[in-house]
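Reading the structure
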Amino acid sequence: MGENSKAPLSTPSVLTGTATEGTSGQPIGHVDVGISESAYLFRAALPGVRKDHCGLSCVIEHDGTVCIQGVVHGSELAKTTPKVTYQLNVTQLTPPGPFSILFKLPGPVDPRLFAPTFRSDGILEGVVMKSRAQGVPADKSVPTAPLS
């Protein structure tokens with residue numbers, strides 16, 4: 001292995017709601033984490049989550065715990081024309097309902113320095129600065145404004 005080779009970072013996640021129904025539809029809640037000298041980057045897959053109707057929120061605690069919550073709304077797949085009614089098979093889509101994704105970043109962070117972006121491809125991307133302050137209580141969290 002070269003000097004630039006790095007082992008993949010394993011990020012265990014806790015899933016609830018429709019995120020646990022991995023049997024049908026696209027998986028929700030897959031998380032990747034990147035590390036730099038001063039910050040962490042995470043990307044969470046949220047297929048089926050619509051930016052304008054999902055109630056998406058993301059809370060980061062000082063200890064690096066991240067909680068993402070939202071709702072996958074049912075797709076309006078029944079298309080009606082004057083002559084034909086289509087009922088589409090929805091087993092390939094993310095099931096509707098509330099979800100939460102809980103995972104922990106590799107170290108403590110400063111939740112005040114968090115920049116979330118909900119991309120058009122259904123990826124929630126967040127950059128949060130590593131904690132540099134001494135004596136910051138580990139049990140406090142700073143909620144962010146709901147993502148819209």
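Before reading further, recall that the structure is shown in the block above.
Below you will find a few notes about this structure.

**So, the packing of aromatic side chains**
Within the structure shown, the criterion is met by 2 aromatic pairs. Their ring planes at 70 degrees and their centres at 5.4 Å tell us that Phe42 and Phe103 sit as a pair that is edge-to-face. Here Phe42 is found in strand β3 (residues 39-45), whereas its partner Phe103 is found in strand β8 (residues 97-104), with 61 residues between them in sequence. For the residue pair Phe42 and Phe103, the accessibility class agrees, reading buried in each case. On the numbers, 6.0 Å between centres and 15 degrees between planes, the contact of Phe42 with Phe114 is stacked. Placement of the pair is Phe42 in strand β3 and Phe114 in strand β9 (residues 109-118), with a sequence separation of 72 residues. The pair formed by Phe42 and Phe114 is uniform in burial state, with each residue classed as buried. Counting every residue linked through ring pairs, the aromatic cluster contains Phe42, Phe103 and Phe114.

**Details of the side chain of Lys130**
Here Lys130 is to be found in strand β10 (residues 123-130). It turns out Lys130 is buried and unbridged, and the closest side chain with the opposite charge, Glu37, is 8.2 Å from it. Apart from residues lying up to four places away in sequence, Lys130 is in contact with Ile35, Ser36, Glu37, Ser38, Ala39, Tyr40, Pro108, Val109 and Asp110.

Rules of the game
- In this convention, every chain numbers its residues from 1, walking through the sequence in written order.
- Side-chain atom pairs in this predicted model are given and counted only at pLDDT of 80 or more, local residue features only at pLDDT of at least 70, and totals for whole chains, interfaces and linings cover all residues.
- With hydrogens and water set aside, each side-chain value is computed from the structure's full complement of heavy atoms.
- Pairing of aromatic side chains here covers Phe, Tyr and the six-membered ring of Trp, requires ring centres within 6.5 Å, and sorts the geometry by plane angle: under 30 degrees stacked, over 60 edge-to-face, intermediate tilted.
- Each helix is a run of H or I in the DSSP string that is no shorter than four residues. Each strand is a run of E no shorter than two, and both are numbered from the N terminus.
- Remark: exposure states derive from per-residue accessible area (1.4 Å probe, protein chains only) relative to the maximum for the residue type, with buried under 20%, exposed over 50%, and partly exposed in between.
- For the purpose of charge, His is not counted, nor are the chain termini; Lys and Arg are scored as positive and Asp and Glu as negative.
- For this analysis, a salt bridge means a side-chain nitrogen from Lys or Arg found within 4 Å of a carboxyl oxygen belonging to Asp or Glu.
- The contact definition used throughout considers only heavy atoms, calling two residues in contact when any of these lie within 4.5 Å.

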